[in-house]
Amino acid sequence: RKEVEQDPGPFNVPEGATVAFNCTYSNSASQSFFWYRQDCRKEPKLLMSVYSSGNEDGRFTAQLNRASQYISLLIRDSKLSDSATYLCVVNIQYGGSQGNLIFGKGTKLSVKP
Amino acid sequence: NAGVTQTPKFRVLKTGQSMTLLCAQDMNHEYMYWYRQDPGMGLRLIHYSVGEGTTAKGEVPDGYNVSRLKKQNFLLGLESAAPSQTSVYFCASSYHGQGGSEAFFGQGTRLTVV
């Protein structure tokens, strides 16, 4: 089982739609969780961190379920500018090390007019 | 504010040639990383550094070497390029360890080995 798995996508949705991305991770020792956004032929950029209590930033809501080892990202009222690839990222720490970020393969979103 | 800058942005190498990719950050970050991104594979960590003068292996270190002689610079070397090293390379830096703060990425280097 891969360490971080995401929906394969691509997701093609109309403007205004609500879209949900799912992600599972295999290492129960994972400490930190993030969603990054990557535009075509650009570098990844942090979209939001994911906290156990869940967190919201405008149209974006992230949820974490540690028991199920599951992370989600919900985008409401999607805009054309939301078209990008969304990367689920997990920090996995080994012993006393600072850990490393493990990236999922990403899910491509295309928002159409 | 430049952030993380990678040079070059594009390069074509012949098999067996060597090259060095340069990453520079102006945010005074302790931690720096080199990733490669291949279609269908996601980002994979090659090497990383937790401070000036230190380096460590990541997930896919074979065929690469790195150096961190100055805090702001992290160099990735390919001693004898192979077609399997055709990829997009991203450098990143962060203030704390990767779990503790946002990672900022450079714009990437597109490398083709023929």
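See the structure printed just above.
**Q** I keep staring at the overall build of chain B and nothing clicks. Help me out?
**A** Along the backbone of chain B there are zero helices and eleven strands. Ordered by position from N to C terminus, the α and β elements of chain B give β-β-β-β-β-β-β-β-β-β-β. For a compact globule of 114 residues, the expected C-alpha radius of gyration is about 13 Å, and chain B comes in at 13 Å, within 12% of that figure. The principal-axis extents of the C-alpha atoms in chain B amount to approximately 40 × 30 × 25 Å. Within chain B, the fraction of its 114 residues that count as buried is 49%. For chain B, long-range pairs separated by at least 24 residues make up 55% of all intrachain contacts whose partners lie at least 6 apart in sequence. Roughly 5,300 Å² of accessible area belongs to chain B as shown, and the carbon and sulfur atoms make up 52% of that amount.

**Q** How should I be thinking about the state of the cysteines in this particular structure?
**A** In protein structure, a disulfide is the covalent linkage between the sulfur atoms of two cysteines. Counted according to the given criterion, the structure contains two disulfides over all chains. A sulfur-sulfur separation of 2.0 Å characterises the disulfide bridge that pairs Cys23(A) with Cys88(A). Between Cys23(A) and Cys88(A), the disulfide has an S-S torsion of -75 degrees and is therefore left-handed. Residue Cys23(A) is located in strand S3 (residues 19-25), and its partner Cys88(A) is located in strand S9 (residues 84-92); the two are separated by 65 residues in the primary sequence. Across this residue pair, the class does not change: Cys23(A) and Cys88(A) are buried. A sulfur-sulfur separation of 1.9 Å characterises the disulfide bridge that pairs Cys23(B) with Cys91(B). Since a negative S-S torsion denotes a left-handed disulfide, the Cys23(B)-Cys91(B) link at about -75 degrees is left-handed. Of this pair, Cys23(B) sits in strand S3 (residues 19-25) while Cys91(B) sits in strand S9 (residues 87-94), placing them 68 residues apart in sequence. The buried category is assigned to Cys23(B), whose relative accessible area is 0%.

**Q** Help me understand the layout of surface pockets, please; the structure alone is not making it clear to me.
**A** The method is simple in principle: a probe with the dimensions of a water molecule rolls over the atoms, and the space it marks as empty is what remains. Size it by volume and the largest pocket reaches roughly 670 Å³. Forming the walls of the largest pocket are 25 residues, and the residues nearest its centre are Gln38(A), Cys40(A), Arg41(A), Gln37(B) and Arg110(B). Of all the secondary-structure elements, those providing two or more residues to the lining of the largest pocket are S9 of chain A together with strand S4 (31-38) and S9 of chain B. Considered class by class, the residues forming the lining of the largest pocket number eight nonpolar, eight polar and nine charged. By volume, the second largest pocket is sized at about 390 Å³. Looking at the second largest pocket, it is lined by 18 residues, and the ones nearest its centre are Glu3(A), Ile102(A), Phe103(A), Arg44(B) and Glu59(B). Here the element with the most residues in the lining of the second largest pocket is strand S10 (residues 100-103) of chain A; it accounts for four residues.

**Q** How should I be thinking about the packing of aromatic side chains in this particular structure?
**A** One pair of aromatic rings is described through two measures. These are the centre distance and the angle between the planes. Counted under the stated rule, the structure contains 13 aromatic pairs over all chains. Look at Tyr25(A) and Phe33(A): their rings are 4.9 Å apart centre to centre, the planes differ by 45 degrees, and that puts the pair in the tilted class. Like Phe33(A), Tyr25(A) is buried. Residues Tyr64(B) and Tyr89(B) carry aromatic rings whose centres are separated by 5.9 Å and whose planes lie at 65 degrees to one another, so their mutual orientation is edge-to-face. In this pair, Tyr64(B) sits in the loop between strand S6 (56-57) and strand S7 (65-67) while Tyr89(B) sits in strand S9, placing the two residues 25 residues apart along the sequence. The residues Tyr64(B) and Tyr89(B) share a single accessibility class, namely buried. Of the aromatic side chains, those joined through ring pairs into one cluster are Phe34(A), Tyr36(A), Phe103(A), Tyr33(B), Tyr35(B), Phe90(B) and Phe105(B).

Criteria and thresholds
Residues numbered from 1 in each chain as written. Chains lettered and ligands numbered in written order. Predicted model: local features only at pLDDT ≥ 70, side-chain atom pairs only at ≥ 80, totals over all residues. Heavy atoms only, no water. Helix = DSSP H or I, 4+ residues; strand = E, 2+ residues; numbered from the N terminus. Rg over C-alpha atoms; globule rule 2.2 N^0.38 Å. Buried < 20%, exposed > 50% of the residue type's maximum accessible area, 1.4 Å probe, protein only. Contact = heavy atoms within 4.5 Å. Areas by Shrake-Rupley, 256 points an atom, 1.4 Å probe, with all protein chains shown as cover. Disulfide = S-S within 2.5 Å. 1 Å grid on protein atoms, 1.4 Å probe; cavity = no way out; pocket = protein on both sides within 12 Å on 5 of 7 lines; lining within 4 Å. Points joined across faces, edges and corners; volume = space filled by probe spheres on them. Nonpolar A, V, L, I, M, F, W, Y, C, P; charged D, E, K, R; others polar. Phe/Tyr/Trp six-rings, centres within 6.5 Å; stacked < 30°, edge-to-face > 60°.

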